[in-house]
Amino acid sequence: MAYTNSVKVVEACRVAPHPTSPDSTALPTSLPLTFFDIRWLRFQPVQRLYFYQISTSFDTKLLFSKLKTSLSITLQHFLPLAGNLTWPQESPKPTLNYVEGDAVSLTVAETDADFYRLSSDNDFLEAQEYHPLVPQLPVSHEKAAIMALQVTIFPNKGFSIGTTMHHAVLDGKSSTTFVKSWAHICKHIGEGKGQVHLSSSVSLPDELRQFYDRRVVTDPAELGTLFVNQYLNLGGPNNRSLKIWETKVPPGSIRGTFKFTRKDIESLRQLMRTKAGEKKQEDVHVSTFTLACAYTWVCIVKAEEIKDETTRMVFMADCRPRLDPPLPTNYFGNCTAGCVPVVETKGLFGEDGLVVAVYAIREAIRKLEKGVLDGAENWVSRVVTVTSGRMISIAGSHRFRVYDTDFGWGRPKKVEIVSIDRNRAISFSDPKSDAGVVDVGLVLEKHHMEVFASLFYKDLKRNIC
Ligand SMILES: CC(C)(COP(=O)(O)OP(=O)(O)OC[C@H]1O[C@@H](n2cnc3c(N)ncnc32)[C@H](O)[C@@H]1OP(=O)(O)O)[C@@H](O)C(=O)NCCC(=O)NCCSC(=O)CC(=O)O
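This one's a predicted model, so the numbers in the text were calculated from it and none came from an experiment.

Describing the domain arrangement of the chain
- Under the domain assignment, the chain is made up of domain 1 (7-232) and domain 2 (253-462).
- Its C-alpha centre places domain 1 at a distance of 26 Å from the equivalent point of domain 2.
- Listed per partner, the contact involves 70 residues of domain 1 and 58 residues of domain 2.
- In total, domain 1 and domain 2 occlude about 5500 Å² of area from one another, counting both sides; carbon and sulfur atoms represent 61% of this.
- On the domain 1 side of the contact with domain 2, Phe36, Arg39 and Asp121 bury the most area, a combined 13% of that side's loss.
- If you look at where domain 1 meets domain 2, you find 5 salt bridges.
- Here Asp121 and Lys432 are joined by a salt bridge, their closest N and O atoms 3.2 Å apart.
- Taken together, the links from domain 1 to domain 2 amount to 33 residue pairs in polar contact (both at pLDDT 80 or more).
- Secondary structure elements with two or more residues in the side of domain 1 that touches domain 2: α1 (35-38), β3 (46-53), α2 (60-77), α3 (115-118), β7 (125-126), β10 (158-165), α4 (172-188) and α5 (223-232).
- Counting residues per element, the side of domain 1 that touches domain 2 draws most heavily on α4, which supplies 11 residues.

If you want it as structure tokens, here you go:
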């Protein structure tokens, strides 16, 4: 059965940062892009979708009004997000500027789609079913918006918030912090007689305040210039296009969520201890991330029957605590480096598949100790050079605590990274339930998904890969 979720746009509005705040005058209205940002210049934006269930009937108008007003107040603290990227001829690098009058596109919509099915953890969905619930980012060759938002009402059931964020301006840590800030302000904003009070000044707690000083990112190797030149010379000289590279969802793709409970992770860890003992190797702590990532990697390779001689995966490491000196944890922007474990594919099919994957991932993380910028000169060239074979990438992190994003109507029923369907990535997120530790989202062809699901649950129970 094909599901087509129709969404009726109620209002397409533009929300500007609220003008009066003692804080906003201190915020930068333009930000230089660092090499961490430029690297992502033409990558597809990251789209997240948050579902909120409301058990009682609710006043839709008041909900929109609260969300809009709180968004405007939140943008005071995140002025660059209301701005645009441009790349004028006279500018050596693309620039990010907010000028008065700039605003964020917010689509308000309504749908009669099945809220419970879309926000369920147990159903498989067709990959495109979420698309009508997330907005497109307005991007042309000359100008790119940084963020677009969509609120969709499911009458008498709840609502969803879809976010689309430009990857060259912010990474997952900054973008999820923005949404949490919006939620915080929305939750605490004053309300009475069905009206939202704009005057109510809600401030952000310290952990949500952003650090904007770009001078802390030094670039002695001139990686920024290198990456800019690589983009400029893509497909001809002086290519200043900001258009996002198009990627399509493979037809017939299915989306599913898989959960690692605390018990699952402990069993996998115990299995690794046993294997380390057999191999007379040191028993070191294998992290939750490494175990979940390795296990998922093995199941995908088996489900897709990947035949390439070697198989790679790529995941991002947060460089804020890893730079020397470290950056503040609330540094706004991109600050990640890629880790690329590579293994012989046949190793993943063998009896010790999990061990092979764990060692490769651990080695890739260990390499960060040599310096997170080791090999950074290849970050852009590695992507623009066409490579064959399946590359599995990870989006998000189980440390972002997206399920803490409460706009005043409770914790989300479900949070998804919609955009993983275009690059066949795996999403990581914190779990919704207390028993969980990591939720993994993925999009695979239908028959691969069926095999993956059976391997995932069967092998987890048997603790064998
Ligand atoms: C490189 C890593 C993935 C490696 O993760 P690991 O968990 O294996 O290793 P680690 O050194 O961080 O942690 C190892 C152990 O230290 C402890 N530990 C470390 N940090 C902790 C923290 N913040 N909270 C609690 N415990 C922590 C834990 O005991 C953990 O084991 P245990 O876990 O067993 O208790 C991670 O360090 C990292 O940088 N994650 C952030 C990745 C990121 O930002 N991704 C998003 C990219 S942007 C993107 O994709 C777009 C988007 O999202 O929008």
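That was the structure; now back to the text.
Overview of the packing of aromatic side chains
- All chains considered together, the criterion is met by 31 aromatic pairs.
- Judged by centre distance (4.8 Å) and plane angle (75°), the ring pair of Phe258 and Phe452 falls under edge-to-face. Of this pair, Phe258 sits in strand β13 (residues 253-261) while Phe452 sits in helix α12 (residues 446-462), placing them 194 residues apart in sequence. The residues Phe258 and Phe452 share a single accessibility class, namely buried.
- Residues Phe289 and Phe428 carry aromatic rings whose centres are separated by 5.3 Å and whose planes lie at 55° to one another, so their mutual orientation is tilted. Of the two residues, Phe289 is situated in helix α7 (residues 288-303) and Phe428 in strand β19 (residues 426-429); the sequence distance between them amounts to 139 residues. Grouping residues by exposure puts Phe289 and Phe428 together as buried.
- Members of the aromatic cluster, each reached through a chain of ring pairs, are Tyr52, Phe78, Phe159, Phe178, Trp182, Tyr212, Phe332, Phe407 and Trp409.
- If you follow Arg39 out to its NZ or CZ, it ends over the ring of Trp379, 4.3 Å from the centre.

So, how was this worked out
- Residue numbers run consecutively from 1 along every chain, following the written order of its sequence.
- The predicted origin of the model limits local features to residues at a pLDDT of at least 70 and limits the giving and counting of side-chain atom pairs to 80 or more, whereas totals for whole chains, interfaces and linings rest on all residues.
- With hydrogens and water set aside, each side-chain value is computed from the structure's full complement of heavy atoms.
- Note that the domain bounds reflect an automated or database-derived domain assignment.
- Residue contacts are defined here by distance: any two heavy atoms, one from each residue, within 4.5 Å place the two residues in contact.
- The quantity reported as buried area is the accessible area (1.4 Å probe) lost by two parts once they are put together, taken as the sum for both.
- Within this document, salt bridges are pairs made up of a side-chain nitrogen of Lys or Arg and a carboxyl oxygen of Asp or Glu, the two lying within 4 Å of each other.
- Counted as a polar contact is a pair of N or O atoms within 3.5 Å, where, for protein atoms, one must be capable of donating a hydrogen and the other of accepting one, and residues adjacent in sequence contribute only when both atoms are in side chains.
- Here a helix means four or more residues in a row that DSSP labels H or I, a strand means two or more in a row labelled E, and each is numbered from the N terminus.
- Two aromatic rings from Phe, Tyr or Trp, using only the six-membered ring of Trp, form a pair when their centres are within 6.5 Å; if the ring planes differ by under 30 degrees the pair is stacked, by over 60 it is edge-to-face, and anything between is tilted.
- Buried residues are those whose accessible area, probed at 1.4 Å on protein chains only, stays under 20% of the maximum for their type, while exposed residues exceed 50% and partly exposed ones sit between those limits.
- Geometrically, a charge over a ring is one whose NZ (Lys) or CZ (Arg) sits within 6 Å of the ring centre while staying within 35 degrees of the ring normal.

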